[in-house]
Amino acid sequence: MISEGRIAILLDGSPHALILLSTLKMFLQASEDYYERFWLGVTLRAVRFFALLIALLLP
């Protein structure tokens, strides 16, 4: 995320990082999407988006 221009807060001794200036779109994107073919990456993002909608609206 730092290489994409985001801000990260790292604490000494903690294995976790807090990423600032994030959007919902960023959470629906995986790092593997960059290494797959374009249409496969777009399809996987669409599946994640529809899964999010189903998880939020169906209950």
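As the structure is a prediction and not an experimental result, all values here were calculated from the model.

Comments concerning the overall build of the chain
Moving on, step 1. Looking only at helices and strands, one finds two helices and two strands in the chain.
Moving on, step 2. Relative to its length of 59 residues, the chain is extended, with a C-alpha radius of gyration of 15 Å against a globular reference of 10 Å.
Moving on, step 3. Considering only C-alpha atoms, the chain reaches an extent of 40 × 35 × 20 Å along its principal axes.
Moving on, step 4. The burial tally for the chain puts 8% of its 59 residues in the buried class.
Moving on, step 5. Here the chain displays about 5400 Å² of accessible surface, and carbon together with sulfur accounts for 68% of that area.
Moving on, step 6. Across the chain, 5 positive and 5 negative side-chain charges occur, with their mean positions spaced 10 Å apart.

Brief notes about the confidence of the model for the chain
Moving on, step 1. On average, residues of the chain score 86 in pLDDT, and 100% of them are at 70 or above.
Moving on, step 2. At the low end of the mean pLDDT range in the chain sits helix 1 (residues 24-27), at 81; at the high end sits helix 2 (residues 38-57), at 92.

Here we look at a nonpolar patch on the surface
Moving on, step 1. On the surface, a nonpolar cluster with roughly 550 Å² of combined accessible area is contributed by Ile 7, Ile 9, Leu 11, Leu 18, Leu 20 and Leu 21.
Moving on, step 2. Looking at the nonpolar patch, the elements with two or more residues in it are strand 1 (7-10) and strand 2 (17-20).
Moving on, step 3. Mapped onto the fold, Leu 20 is located in strand 2.
Moving on, step 4. Taking the relative accessible area as the measure of exposure, Leu 20 reaches 31% and is therefore partly exposed.

Notes on the pairing of strand 2
Moving on, step 1. Here four bridges tie strand 1 to strand 2, and the two strands are oriented antiparallel to one another. Within strand 2, the residue paired with Leu 10 across the bridge is Ala 17.

Section: the packing of aromatic side chains
Moving on, step 1. One pass over the full model with this rule turns up two aromatic pairs.
Moving on, step 2. Pairing Phe 38 with Trp 39 gives two aromatic rings, centres 4.9 Å apart and planes at 75°, and the pair type is edge-to-face. Each of the two residues, Phe 38 as well as Trp 39, counts as exposed.

Conventions and cut-offs
Residues numbered from 1 in each chain as written. Predicted model: local features only at pLDDT ≥ 70, side-chain atom pairs only at ≥ 80, totals over all residues. Heavy atoms only, no water. Helix = DSSP H or I, 4+ residues; strand = E, 2+ residues; numbered from the N terminus. Rg over C-alpha atoms; globule rule 2.2 N^0.38 Å. Buried < 20%, exposed > 50% of the residue type's maximum accessible area, 1.4 Å probe, protein only. Areas by Shrake-Rupley, 256 points an atom, 1.4 Å probe, with all protein chains shown as cover. Lys, Arg positive; Asp, Glu negative; His and termini not counted. Charge placed at Lys NZ, Arg CZ, Asp CG, Glu CD. pLDDT = per-residue confidence, 0-100. Patch = residues over 30% accessible without salt bridge, like charges linked within 9 Å, V, L, I, M, F, W, Y side chains within 5 Å. Salt bridge = Lys/Arg side-chain N within 4 Å of Asp/Glu carboxyl O. Pairing = 2+ DSSP bridges. Phe/Tyr/Trp six-rings, centres within 6.5 Å; stacked < 30°, edge-to-face > 60°.

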